[in-house]
Structure formats: C-alpha cells, structure tokens
Amino acid sequence: MEHIRLPKVENVRLLDRVSPRRSRVGTLYLTATHSIFVESEAGGRSETWVLHSLVCSVDKQAASASGCPLLIRCKNFQILHFSIPREQDCQDVHLSLQRLSQPQRYEELYCFSYKPNVDEEERRRDWAFVDLKADFSRMGLPNAQWKLSPVNQQYKVSDTYPAELFVPDSAAPPVLVGSSKFRSRGRFPALSYYSKENHLNAIANRAAGKGYENEDNYSNIKFQFMGIENIHVMRNSQQKMLEVCELRSPSMSDFLEGLESSGWLKHIKAVLDTGVFIAKAVAEGISVLVHCSDGWDRTAQVCSVACVLLDPYYRTLKGLMVLIEKDWVSFGHKFTQRCNHLAGDPKEVSPIVDQFLECVWQLMEQFPCAFEYNENLLITVHSHIYSCQFGNFIGNNQRERRELRVHEKTHSLWSYLWTNRAEFINPLYRQNHSQSQGLLRPSTAPYCFKFWRGLYNRFDRGMHPRQSVEDYLRVIREETQQLEEQLDSHKQKIAELKQEQGWSDAHRAAAFDQSSTARALGKNLALANTPQDYTGSLLASTPGAADGPLVLAPQDPDQTADPNLSNGSDPESGIADVSCRSPLSEDSARDPDPDPDSDEAAYSAA
Amino acid sequence: MEFSDHIKTANVEDVVLRQPLHPPSRGTLCITGHHLLFSDREEGSSRQILLLLRNIDAIEKRTPGSSGTITIKCKDLRVLQLDIPGMEQCLNIAHSIETLSCLDNVSEMYPFFYRPNDLSLREQWGLSTPEKHYTQIKELHKKWRLSSVNKTYSVCPSYPPVVIVPNSIDDETLKKVAKFRQGGRFPVLCYYHRKNGMVIMRSSQPLTGANKKRCKEDELLLQVVIEDSDKGFIIDTRSSQQVQQARMTGGGFESKSCYSRWKRLHKQMERGKALQESLIKLVEACGDESHNVDRWLSKLENSKWLSHVQTALSAAGLLVECVERDGHSALVHGYEGTDCTLLICTLAQLIMDPTCRTLEGFLALLDREWLQAGHPFQQRCAHSAYSHARLQQESPIFLLLLDCVWQLWRQFPLALGFSEALLLRLANEVYASDYGTFLCNNDQERCALEVKDRTHCLFQALLRLPERDYYSNPLYEPNELAIWPSVHPQSLQLWRGFFLRWTQQARHLEAVQEEIRSMVIEWHRVTQR
C-alpha cells in the first residue's frame, strides 16, 4: 500500500486505441493488486481491471490541452491509453504503477495474496493434480533401462534441475556427477520423453552444453545443428512484431512488411522445424539428445514441441498441463527472469514460452481436430504464466519454488483450468479422428505460418470474427449429448411403463423439453454489428481536390431517427467472442461494455 | 474444322501421371475434343481423371531422349505431370492440348456438347433477372418501372433487355442518357434497401470529356432518384486524379456544379492487368515451398492481392455506410462499370441484405449483378495465373469477389447460407465448365448463341440435391442485421482453401468442414427424433 501515491483519480479518459476519438470517461482506482477503471456514464457502468503484475511498461507522454496521456502496456498484450486531466495526478499514477508493476521481492507477488474461496485441503489436493511421476509411469518408467535417480535430491548436482530425474540404469551416480561437471550448470543428460510404442527405446533427452561435443568422442551419435536464435534475438523480434500490431490503421503492406521484418514467424518456424526433426527421429526409433547453451530455453521449446507431435496425450487438456509442468516448470525454465516477474535484468527477459505456445497454436491451425484443448486455453495459460496469480510459474526452478514454499502458500493454475475446462475444450476434437492419431506430420512450408491475432491482438475486439463456430458447435455437441442421454432414459422409462401397460400417456407427457437452447442459438450468437473504418485510404488519396469528394460530417449514431438504423446498437453481450473471454478473474473480462466499437467508422472529418 | 484435326495421337499407353497428394500412377491417356482422360491401370484401382481441356492454362513440355514429360498447369491451380513414352506421341499430345484448350469459338465449347442423362435442356435457365427482381419488391413499384428500351440490345449492348429505372424517366430520355455514358451503361437500379427505401444504382462513367460536356437527361435521371432526400452519394472506383485524366480520353465524372446534390466519394480500386498480375504473383509465391518465411511474406506483400481484398471490402463498407447507416441512395461506377462497380455492389448487398445470403439468394445475386449486368466473363477469364499467353482482357475480378465473400464467411461463419465449397466450385466453373452459365460476355452474346437453349444452367444444377446440401452452410442462422466486415490487415487472411488447395493443409481444413457437417447432422437427427 505504501507504493500507492494516489488511490483515485476522477475524470480520466480511457481512449480507444483504434479510433481515439472514441473514449470513455471514468474514475481510475489504484489498489494493492489492480488498477481499476470504472466508467462513470450512467447506464453502462463498465469496469476494466488490470493486474499490476501483468503490466509490462507504463509510459507518460507529453501533456496536451486535453490531458496528460498515460500508456500502459501489459504482458498479455493489452494496451490501455489513459488521459489524466492533471499532470501531477498523472505523474503520481505513473510512479505508483511503475513501482507496483515491478515487485522487488517474491513475497510481493500476487499469488501470495490471492485467496480464492478454496479450503486448505482442497488447495493442497489441487497441487497434486498434475503428477509427473504418473506421466513417467504412463510412459512405462521405470523399466530395465531407465530408473529414477536420487542423485539430485538436495539439488546438489544441478541446482536448476528437479529433484527427481530418470537416467539410464547403467549410469551410476559417479558417472552422473562426472557428466554434470562437464555440463553447464550441472545439467547432465536426463530423460524427458520415452516413447513406449517404440521398442527401440526412442528417447528425447535434454542437457546443457556451452560449446558442443566432439563428434570423435561420441560413437554411434549423429550431430545435427538447428539454427534457433538466442533469447535476445527473440525478445527484439517479438518487440518489433508488437509494434506492428500496435499500428493504428496500417495498410496491408505496412502490416505484412512489418511482420516480415520482425522475423517473428521465421523464428517460430525454426522452433517447429526442430521439433519436427526430433519427433521424426524418435518415431523412427532413434534416440535424441537435445541441448542448447543452458538447456532451459531452446531445449525446453523443442523438446515440448516434439512431445506434442509425438504423443496424442500431450494434445489433451491434461496432457498439455503435464507437458508444461515437465519440460518447463520442472526442468527449470527461468520463469521469473524470462517473464520479468520481479524487477531484474531486462536482458534476461525473453518470450521463449510464448513461442512454444505459438507453435502449438500453429499446429492447431493445421490440425483443427487433433487437439482436445482450444486456442482459449493457450491464451489463458499464457496470461497466467505472466500474471503471477498462481504459484506454478514463480521462481526459476524447483529448488527456488521449494524455498518459497509455493505449494504451501499459493494456488495451482492446473486445477483451476481443469475446473473450468468447459471453456477450454475444442468441440471438433475426437479421440478417434484420423488427425488425432499418432505422430503429427505438419507441413512447415512458409505459408503455413500465420500471424496469431488471437494472442497478439487479443484485446482489439473489432479484429476478430464476430461469430464463433466453436461456441456454436459446443452448444450443439452438449445438446446432442444431453438429448441422447434423455432419449436413453426415456427408452428405459418406456420399457418400464410398457411393462406396466400404461405407456402411451406417459410418453406424451415426456415430450422433449429439448429445443430451448438450440433454437435460441441464433439469437445468442447475434452479430456484433459495427461498421469499421472504411474511409482511411479514401481520405488519404484525395487531398483537397477542387471538385473533389465532400466528406460527411461525423454523425452521432444516437441521433439516428430510426432505431433500426443505428447499427452498433446491438449489444455485444451474448456474442461469442472467444478472444475476450478471459478467465482471469480480475481481468477486463468483467468489462460489460456493450459495444466499444460502435460509431467507429464515422467518416472522419477532414 | 473438326476437333479430330487437332488430335494426331488420341491414345497413349503406359503414361505415368504425377499429381499433388497422390502417388504416381501408370495408365492410359486419351485426348478427346474437350477432355483429357487418364485411366489408372494399376492393379486393384480403377481411378480415372477427367480433365476439361479448357481448364488447362499452360503446358510445358520436355523431351529428353526418346520419351517426354508434359507439365499441365490448370486454371484451378492444380499442377499435373505426364511422363509419356515416345517423343512424337508426347509432342502430338502437347500440340492437341495447346490448341484445344484455348478454342476461341464459343459454340464449339464443351457446354454445347454436355448432355447428362438426368438433365433436360427445357428446364428453367437462370435464377434472376431484373424483371423477376422487380416483381419481388412491391415497394419499388411506386417510383420505379421496368423499361424495355434495350430489348434489341441497341441502347446498351452489355445490358439485359429489361432494366429498372425511375418511373418518371421515359425511354427516349434513357436513350439520350445512354449516349452520355460509356458503352451506353446508363444508371439503373440494382438494389432497393427495404429498411429505409434507399437504392443503389450503377452505371459507367459519364462522357463529359475535356470540354465538360453536360447531359440534361442524365442530370434529371439522377435528380429524380433523390427527390425526397437531401443528397445522394456517388462512389467512384477511381481516384480523383484518375477521373481528371479520364476526361482527356473522353470520360469523366459528375461535377459538383451539374450534380449539386450528389457527393462524390473516391475509392481507388485496381482492375484489369494490375489485378491479373497480382494473381500471377500470388500463385507463384504459393507454389514454391522452398522459400523461407521472410521471402514468403515479402512475396505475399508484393503480390498485393490481400491489399486488393482489403480495398474491395472497404469500398463495399463505405457504400453500405452511405445506404444503411446514413440513409442515402448511391450511384456506383468507375470506368466501364462492368468490373469493380459490380464487385462492390455485390459485396454491399451481401453485407446489408439477408435475402442475398442464402444459397439461392447468393446465386440469384450473381445472376443479376454479374451475368445480367454484363461482366465480360469470356474476356476476363480466358486465362488464369499460369498462362504464358499475352494478357489481353484477362482480369480475376470475379475471383477477387469470391475471395472477399470468403473473408465475410470467415468473419461471420453463421451468417451466410452457403459453404466455402460453393465458392471453390464457382472459382472453377468460371474458368472451365460443363455448363453454359459463364459463357460469353453479356446477355446479347448469350442470346445470339442460344446459350439458354443449348446448354445447361450451373445455378440450377447447384440447387439440386445432393449438390444443394453440399453447398449449404450447415451452421447458417438467418440474421437480419448488416454484417460489417473488419478490414484490418490482421482480420484478412490468405484464402488457403483456394490458393493452397492442392496441399495437405487444405485437405485437413476440408476434413474440418466434414466434421462440422456431421456434427450438425447428428444434432438435427437427435433433436428431431
């Protein structure tokens, strides 16, 4: 609380990023954990909540007559553009937020104060929901060749590795210790994935180098160098891409050129290419050792991508959780540093885990029936990796989390997601669909790589499809299931009644009460009915031609006489907008704003 | 000249066919007057491939040694390869394909020979005409009438015999207006907006020329359209510089001084050669998987195809804003009024009018706005992206329409009554077809060749079962609201189903559509029980 210089500012304007003339006026509150903007307009009292730990940067810009602009960029790619009447207030909010969004100590992180209504026993059970040992036993481990080694129990051999590691049965502790001394940060080769189907014991391993092995000293081993760039290149690339996403009304060429020069999709392709290479090798029965310089960035990326390709289990909801827990959390991806949870070295920040999630998304785009989970899950996991609301991604490795007593003091994301899984299930997924079987063989032709609008422009609602096929399918799938169950129970009843000789009346009485949901579907999925900005280039192309076009004055849609004509009056409530449905309980999902885009396309006055 | 004169070798055995997504197969190749037929002779399979020669855009032949290879590039973007034993046979086949794939004589084309058993030539032809459209909209009758001024096609060769014009404008006036508009395309009604009584008209450019010629009748016609309102909008598909230049070659625009209550809005759209080259570049970029991502994005950008999509959708959005949101009537034209004009009028109707969004409504819209309205299909679609022939009048404006409609379908997947499969089918049919629908350049030419009596109608065929089911959108929910498209670059995507159609990726996406269809069928089955 001591960091809040000003708990409340009135008459703040929240500007619309796409059309800045549209703005909402309200009060901005700063609390210990959130900034909250409450729109003051009567009627639609909308609220926008932003978690401090999601704030990536706060920039105060030069004051103008209309106020002092404050730009808040979030790690989930939300951008809030406030205008605060008094410069001093803006200054205070700026300084407060800068401090609040940059915790110095772990104890300040939101997960340690986040107290949902869950009792202690349940909280503890939740942490056991994802169990890595169970995953290894699913792979058939331990077995004759691989055993659980106690060598790192006290994190003495490698302080960034988990306590429990699978190693070759023949490798005695002295061998492991010897190997660890030869590897950066003691990260000796340990098992990541064991292919049960493949009797040749195909294995994806991980380890850390610094330099690389001399081929002469490793017999029967083939070396393959995959060109994935380092964390600094990735950070800069994402930054450039985000700048393109932020452009106010870019032309198609601006956008494509910007996307190209950011290099982002090139890097995504490099990661996926490597994942495909590993997966193919393992599927052919060749064991693979993967490493980069430290073994917690690129190695984690490509091992987990390979796992998704190899094993349908990791394409299920539970499986993805296990995979992230295994390859990222347990093997010591440095979440605190990479995600900038605490004020620290900006050069350690890098969107490595974003790239993994994006690779999965790219695969989902190619194989829409192969994944049990949907895009919303990836986006939600992404948000929570950065939000610090749950304890899963706190610290840089298992040892740190143990010291922080994360499992005792915080909640686990996985069981939260599992509880809300209805939102994360892909209705097109069928376990027995041909796309769901075995090894995924994606194309890595350059045209397969798409820009991920759902994540990077997630909060620009006007850019997303206005109707959701997924929501529609989810409803009809649920209804189909319900009706089939109903039908079964009716059949049973009929059978019973028949025995009692009175079935026909009962049958009539039991007429299906089915259709209410489905018939209302069309209405539920009503269109977000807002015109867009169609005039930008029009105005640009005709600067003051003598007898040129006259441009309409801005129109107030509220003054349109016929209510049927004021498009945009259609409230967005009930609209399937996947991108905005954030399960972050304190996120802008609370914002019941009926329609932020209405009147967006008013002809701009020259 | 008989077709057989062009066929020196009709049959070749032991040909190897290589095509995307299939293993190579060995079999017999036949050439007929209109088809290339390949019958698989592999054991246990009896695959046949029947390809309309008209579908072939370009061929390349190589004859190293005693055998030869022909690469066939189709207008549907498929690339096939035939390995033919014997150099002479290879050359003969190549020669036949080259000649027969681009016959100029329309009445020799396949639709005049296509006689399936289950179709009769006496069945109804087409779905909509201005007359039909007029009778369907009772609200129109007070202020608009049908005019037969063009019944002999003498006033405007590219218009249908009957058009919808203001009640108070007589045929003599129309004839004078026609003389003042390029190609005689005087302003006619194409859309009536029931919600507010506003209309969209389309025409070609006025022939004001360098001397700023005027035409009282033209001014009067436009004047009466907006009698009851304070203004109307003219959406010109050219830039303000272009319209000034157009005056030097006899064209022009409606000046403020002569058409005081009409406001002009300029929305420059590419057409003609520029659009054809855009398609060629895009298809070239899609064909090379060896590119890296940077090169791919650069080529995608450089093709400008998506920019054209963006421009077309925003021009249509602008038109809808004028009519639906601001409640004004609009006139649309560019130069000839047979290309971009039709494109944005069609898109605007899809955006505003729910009756155009059903399968039947959409096909009727195409019938009125493209076929009846005189889009010169024969000229525009003679060749596609692979042809080495010198470009003349080719331009993929109809393909651009289909792409824009696909973008709408992506953004409003429940709002359109037809499926992506329909758009793909139309993209094929417009270049090579069994049906007569897309033959010729206008109604007059179709009439002269008796197309309606001597060929079958595609639209009617698409509405028969089982096609009708296949081309319907299983998720369709009728919706009265306008479907405003987003034109942000992030919202527009490459139409993979078309441009990457012959890749594994497109197959996966087709599987998804099948999955969706079967889920909906299952749901219907259960709810109707």
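Residues numbered from 1 in each chain as written. Chains lettered and ligands numbered in written order. Predicted model: local features only at pLDDT ≥ 70, side-chain atom pairs only at ≥ 80, totals over all residues. Heavy atoms only, no water.

Please provide a residue-by-residue account of the sheet that holds strand S12 (residues 232-236) of chain B, values included.
All names here are of chain B. If you trace the 5 strands from one edge of the open sheet to the other, you get S10-S11-S14-S12-S13, paired in mixed fashion. In the strand order of this sheet, the two ends are held by strand S10 (188-193) and strand S13 (262-266), each with one partner. When strand polarity is set aside, the average angle formed by the axes of neighbouring strands in this sheet is 20°. Relative to strand S11 (residues 198-202), S10 is paired through 5 bridges, and the arrangement is antiparallel. Counterpart to His 193 in the pairing with S11 is Met 198. Along the sheet, helix H9 (residues 340-352) makes contact with S10, S11, S12 and strand S14 (329-333), crossing S11 at roughly 160°. (Pairing = 2+ DSSP bridges. Helix = DSSP H or I, 4+ residues; strand = E, 2+ residues; numbered from the N terminus. Axes fitted to C-alpha atoms, helices over the stretch in contact; angles between N-to-C directions. Contact = heavy atoms within 4.5 Å.)

Which residues make up the side chain of Ser 101 of chain A, and what are the values?
All names here are of chain A. Following the sequence through the fold, Ser 101 ends up in the loop between helix H1 (87-100) and helix H2 (120-127). Ser 101 gets classed as buried once you look at its relative accessible area, which sits at 5%. A distance of 2.8 Å separates a polar side-chain atom of Ser 101 from the backbone oxygen of Leu 97. Looking at Ser 101, its side chain comes within polar contact range of the main-chain oxygen of Gln 98, at 3.3 Å. (Buried < 20%, exposed > 50% of the residue type's maximum accessible area, 1.4 Å probe, protein only. Polar contact = N/O pair within 3.5 Å; in protein donor to acceptor, adjacent residues only side chain to side chain.)

Got a sec to walk through the UniProt feature "active site" (unreviewed entry) in chain A? Specific residues and values, please.
As annotated by UniProt and renumbered to match this structure, "active site" (unreviewed entry) occupies Cys 292 of chain A. One can find Cys 292 of chain A in strand S12 (residues 288-292). (UniProt positions renumbered as here; feature names shortened; annotations may be inferred.)

Residues and numbers for the environment of Pro 427 of chain A, please.
If you trace the backbone, Pro 427 of chain A turns up in the loop between helix H15 (413-419) and helix H16 (453-456). By relative accessible area, Pro 427 of chain A is classed as buried at 4%. For the pair formed by Pro 427 of chain A and His 81 of chain A, sequence separation is 346 residues and the distance between their alpha carbons is 36 Å. If we skip the residues at most four places from it in the chain, Pro 427 of chain A touches Glu 470, Leu 473, Arg 474 and Arg 477 of chain A together with Met 519 of chain B.

Just give me the short version of helix H4 (residues 216-225) of chain B, but keep the residues and values in it.
Restricting attention to buried positions, one finds in H4 of chain B the residues Asp 218, Glu 219, Leu 221, Leu 222, Val 224 and Val 225 of chain B. Next to the buried residues of H4 of chain B lie strand S8 (144-147), strand S9 (163-166), helix H3 (171-180), S11, S13 and S14 of chain B.

Could you give me a rundown of the nonpolar core, with the residues and numbers involved?
Residue and element names in this part refer to chain B. Within the largest apolar cluster, 208 residues are counted, with the highest numbers of intra-cluster contacts made by Leu 426, Phe 459 and Phe 499. Counting residues per element, this core draws most heavily on helix H8 (residues 305-325), at 12 residues. Aside from chain neighbours lying at most four places away, what touches Phe 499 is Leu 77, Leu 279, Leu 282, Val 283, Cys 286, Trp 305, Asp 403 and Leu 494. Judged by nonpolar contacts, the second largest core, of 33 residues, contains Ile 137, Leu 174, Met 201 and Leu 221. (Core = buried A, V, L, I, M, F, W, Y, C linked by side-chain atoms within 4.5 Å.)

Account for the domain arrangement of chain B, naming residues and giving values.
All names here are of chain B. Assigned domains within chain B: domain 1 (3-103) and domain 2 (130-380 + 396-494). For domain 1 versus domain 2, the separation of C-alpha centres amounts to 38 Å. With both chains or domains summed, domain 1 and domain 2 bury close to 480 Å², and 69% of this area falls on carbon and sulfur atoms. Here domain 1 is connected to domain 2 by 0 salt bridges. (Domains from an automatic or database assignment. Buried area = accessible area lost by both parts, 1.4 Å probe. Salt bridge = Lys/Arg side-chain N within 4 Å of Asp/Glu carboxyl O.)

Which residues make up the pattern of salt bridges, and what values go with them?
Pairing between side chains of opposite charge can happen when the charged atoms of each approach one another. As enumerated under the stated definition, the model contains 55 salt bridges over all chains in all. Between Glu 484 of chain A and Arg 525 of chain B there is a salt bridge, and its shortest N-O distance comes to 3.5 Å. Pair noted here: Glu 484 of chain A is in helix H17 (residues 469-500) and Arg 525 of chain B is in helix H19 (residues 504-527), and the two residues belong to different chains. Residue classification places Arg 525 of chain B among the partly exposed residues on the basis of a relative accessible area of 39%. For Arg 194 of chain B, the salt bridge is made with Glu 139 of chain B, and the minimal N-O distance between the two is 3.2 Å. Here Arg 194 of chain B is found in the loop between S10 and S11, whereas its partner Glu 139 of chain B is found in the loop between helix H2 (130-136) and S8, with 55 residues between them in sequence. Sharing partners across several salt bridges, the network here consists of Arg 99, Arg 105, Glu 107 and Glu 108 of chain A.

Account for the sheet that holds strand S7 (residues 79-84) of chain B, with residues named and values stated.
Residues and elements named next belong to chain B. Strand order in this open sheet of 7 strands is S4-S3-S2-S1-S7-S6-S5, and the pairing throughout is antiparallel. Of all strands in the sheet, those bounded by a partner on one side alone are strand S4 (48-52) and strand S5 (56-62). The sheet shows a mean angle of 30° between the axes of neighbouring strands, direction not considered. For strand S6 (residues 68-74) and S7, the ladder comprises 6 bridges, and the chain directions are antiparallel. Residue Thr 71 lies in a different strand from S7, and its bridge partner there is Gln 81.

Just give me the short version of H19 of chain B, but keep the residues and values in it.
Think of an α-helix as 3.6 residues a turn; residues three or four steps apart then line up on the same face. Between its first and last C-alpha atoms H19 of chain B spans 35 Å; for 24 residues at 1.5 Å apiece the expected length is 34 Å, and the two agree. Taken residue by residue, H19 of chain B has Gln 505, Ala 506, His 508, Ala 511, Val 512, Glu 515, Ile 516, Met 519, Val 520, Trp 523, Val 526 and Thr 527 of chain B as its buried positions. (Expected span 1.5 Å × (residues − 1).)

So what's going on with the environment of Glu 470 of chain A? Which residues, and what values?
Residues and elements named next belong to chain A. Along the chain, Glu 470 falls in helix H17. When the C-alpha positions of Glu 470 and Asp 327 are compared, they lie 30 Å apart, and in sequence the two are 143 residues distant. Ignoring any residue separated from it by four or fewer positions in sequence, one finds Glu 470 in contact with Asn 374, Ile 425 and Pro 427. Here the side chain of Glu 470 touches Asn 374 through a polar contact of 2.7 Å, side chain to side chain.

Tell me about the side chain of Lys 450 of chain A, and please be specific about residues and values.
Within the fold, Lys 450 of chain A resides in the loop between H15 and H16. Side-chain polar atoms of Lys 450 of chain A contact the side chain of Glu 365 of chain A, separated by 2.7 Å. Every residue in contact with Lys 450 of chain A, bar those within four places of it in the chain, is listed here: Leu 265, Glu 358, Trp 361, Gln 362 and Glu 365 of chain A together with Gln 493 and Arg 496 of chain B.

Could you give me a rundown of the packing of aromatic side chains, with the residues and numbers involved?
If you walk through the whole model with that rule in mind, you get 38 aromatic pairs over all chains. Here Tyr 472 of chain A and Trp 523 of chain B contribute two aromatic rings whose centre-to-centre distance is 6.4 Å and whose plane-to-plane angle is 75°, an arrangement assigned as edge-to-face. Of the two residues, Tyr 472 of chain A sits in helix H17 while Trp 523 of chain B sits in helix H19, which places them in two different chains. A residue is classified by how much of its surface remains accessible, and Tyr 472 of chain A, at 2% relative accessible area, is buried. When its relative accessible area of 4% is taken as the criterion, Trp 523 of chain B is described as buried. A ring pair is formed by Tyr 159 of chain B and Phe 186 of chain B, whose centres lie 5.3 Å apart and whose planes are at 90°; its orientation type is edge-to-face. Separated by 27 residues along the polypeptide, Tyr 159 of chain B in the loop between S8 and S9 and Phe 186 of chain B in the loop between H3 and S10 bring together distant segments of the chain. A cation sits over an aromatic face here: Arg 138 of chain A above Tyr 314 of chain A, 5.2 Å from the ring centre. Its guanidinium or amino end placed over the ring of Phe 129 of chain A, Lys 318 of chain A lies 4.5 Å from that ring's centre, counting from NZ or CZ. (Phe/Tyr/Trp six-rings, centres within 6.5 Å; stacked < 30°, edge-to-face > 60°. Lys NZ or Arg CZ within 6 Å of the ring centre and 35° of its normal.)

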